[in-house]
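Residues per chain, in single letters:
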Amino acid sequence: MDHQQGSDDAATSAREQRPGSASTPPTAPSAPTPTPSIPQVSLIGLFVAALVTAQVTAAKVLEFSLPFALPVTGAELVLPGAALAYALTFLASDCYAELYGRRAAQVVVNVGFALNFVVLVLVWSTIAAPAQDPAVASEFESVLGASTNIVIGSLLAYLVSQNWDVFVFHWIRDRTGREKLWLRNIASTASSQAIDTVIFVSIAFAIAPLTLGVGFYPGFEGVIGLIIGQYLLKLAIAVLDTPVVYAIVSFVRSRNGSAAV
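The shown structure was predicted, so the numbers you read here are calculated from the model rather than taken from an experiment.

Points about the overall build of the protein
Then, in step 1: Across its full length, the protein holds nine helices and two strands.
Then, in step 2: Counting helices and strands in the order they occur from the N terminus, the protein gives α-α-β-β-α-α-α-α-α-α-α.
Then, in step 3: Burial statistics for the protein: of 261 residues in total, 38% are counted as buried.
Then, in step 4: At a minimum sequence separation of 6, the contacts of the protein that also span at least 24 residues come to 73%.
Then, in step 5: Carbon and sulfur atoms make up 68% of the accessible area of the protein, which amounts to about 14300 Å² in all.

Overview of the pattern of salt bridges
Then, in step 1: Overall, the coordinates contain three salt bridges when judged by the stated rule.
Then, in step 2: Notably, a salt bridge pairs Arg173 with Glu98, separated by 3.2 Å at the nearest N-O pair. With Arg173 in helix α6 (residues 147-176) and Glu98 in helix α3 (residues 83-100), this residue pair connects regions lying 75 residues apart in the sequence. Of the two residues examined, Arg173 and Glu98, each falls in the buried class.
Then, in step 3: Note that Arg184 is salt-bridged to Glu98, the shortest N-O span being 3.1 Å.

Focus on the packing of aromatic side chains
Then, in step 1: Evaluated as defined, the whole model comprises four aromatic pairs.
Then, in step 2: Where Tyr96 meets Tyr100, the ring centres are 4.8 Å apart and the plane angle is 50°; that geometry is what we call tilted. Of this pair, Tyr96 and Tyr100 both sit in helix α3, separated by four residues, roughly a single helical turn. The two residues Tyr96 and Tyr100 agree in class, both being buried.

Concerning the side chain of Asn185
Then, in step 1: Among the secondary structure elements, Asn185 is positioned in helix α7 (residues 181-212).
Then, in step 2: Engagement of the side chain of Asn185 in a polar contact is seen with the side chain of Thr242, the distance being 3.0 Å.
Then, in step 3: With residues near it in sequence (within four places) discarded, Asn185 still touches Asp94, Phe169, Ala238, Asp241, Thr242 and Val245.

What to know about a nonpolar patch on the surface
Then, in step 1: Together, Val107, Val111, Leu115, Val118 and Leu122 make up a nonpolar patch on the protein surface, roughly 400 Å² of accessible area in all.
Then, in step 2: Examined against the element boundaries, Leu115 turns out to sit in helix α4 (residues 102-128).
Then, in step 3: The partly exposed category is assigned to Leu115, whose relative accessible area is 36%.

Some remarks on the nonpolar core
Then, in step 1: Ranked by size, the top nonpolar core spans 38 residues in total, and within it Phe47, Tyr158, Phe200 and Val201 carry the most contacts.
Then, in step 2: Only α2 (38-57), α3, α4, α6, α7, α8 (220-240) and α9 (242-256) provide two or more residues apiece to this core.
Then, in step 3: The greatest single-element share of this core, amounting to ten residues, is contributed by α3.

Topic: the environment of Ile237
Then, in step 1: Mapped onto the secondary structure, Ile237 falls in helix α8.
Then, in step 2: By relative accessible area, Ile237 is classed as buried at 14%.
Then, in step 3: Sequence-wise, Ile237 and Leu84 are 153 residues apart; in three dimensions their C-alpha atoms are separated by 8.3 Å.
Then, in step 4: With residues up to four places along the chain from it excluded, the contact list for Ile237 reads Leu84 and Ala87.

Re α9
Then, in step 1: End to end, α9 covers 21 Å across 15 residues, agreeing with the expected 21 Å (1.5 Å per residue, within 8%).
Then, in step 2: The set of residues buried in α9 consists of Thr242, Val245, Val249, Val252 and Arg253. Buried residues of α9, viewed axially, fall in a sector of 105°; they line one side. More than 90 degrees from the buried face of α9, the exposed residues found are Pro243, Ser254 and Arg255.

What counts, and at which threshold
- Residues numbered from 1 in each chain as written.
- Predicted model: local features only at pLDDT ≥ 70, side-chain atom pairs only at ≥ 80, totals over all residues.
- Heavy atoms only, no water.
- Helix = DSSP H or I, 4+ residues; strand = E, 2+ residues; numbered from the N terminus.
- Buried < 20%, exposed > 50% of the residue type's maximum accessible area, 1.4 Å probe, protein only.
- Contact = heavy atoms within 4.5 Å.
- Areas by Shrake-Rupley, 256 points an atom, 1.4 Å probe, with all protein chains shown as cover.
- Salt bridge = Lys/Arg side-chain N within 4 Å of Asp/Glu carboxyl O.
- Phe/Tyr/Trp six-rings, centres within 6.5 Å; stacked < 30°, edge-to-face > 60°.
- Polar contact = N/O pair within 3.5 Å; in protein donor to acceptor, adjacent residues only side chain to side chain.
- Patch = residues over 30% accessible without salt bridge, like charges linked within 9 Å, V, L, I, M, F, W, Y side chains within 5 Å.
- Core = buried A, V, L, I, M, F, W, Y, C linked by side-chain atoms within 4.5 Å.
- Expected span 1.5 Å × (residues − 1).
- Arc of directions from axis to C-beta.

Below, the structure written as C-alpha cells:
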C-alpha cells in the first residue's frame, strides 16, 4: 500500500513539472517593443525629405534682386536651389535633439549621411540604364549628373556641419538647461550653416566641376557669391525658424505631458 502511494506521488510530481501542464506557472510576457510616436516619425520624415530634395535641386542656381547692394555680391543675391530645403534639415535636427536627446539626433544625422550614397547610386544607375530617347537621356544626364557634385560636396559638408550642430546645441543646453532654446537654436544653426556653406559650395561648384568635368563652375567670384548668398538665406532662416522650433517642441511636450527627454 505504501509502495503504491509513493508511486502515485511520484507520478503527480512528474506531471506538475512537465512543461505545458495546468499546474506550470505561466511564462512572464516579454516587454512590448516601443512604438515611435507620430512627432518623432514626422521629424525624421521631414529631415529625410528635405535632405533628398536638397540633393536633386542644388544644381539650379537661383538669383534674386535686392533693394540694396552688398559688398561682394552687389544688388544680386545668388544661391543654390537647395538652400531652403537644406535649411529645413537643421530645423528638424534641432527639434529632434531638443526632444529626444543628443544620441538620438546623432543617429538620425549619421543614418542620413549613409543615405546620401543611396541617392548617388540610384541616380547613376538610372543614367547608365539604356534609354528609349537619346535626347531625353542626354538632358537627364546633364541635369541629374551634376547631382554627383552636389552629393560629393554635401557628404563632407553634411557630416561635419550636422554633427557640429548637434554638438553645439547640447553644449549650450548643458550650460543653460531647458532655458534659452532660442540661443542654442540660433547659435548651433548659424555656426554649422557657415561650415556647411563653405565646404559645400567649394566642392560642389568649384573643386568637383574642375576635377570631374561635370557640372557648372561659376568662376571664383561666382563661388564667393554663392557662399555669401546661401549663408545669408540660411542665417535668416535660422533666426526666423526659432518660433517654429519653440512651437514644435512645446506642442510635442504638451502632448506627452512632459519633456520627451
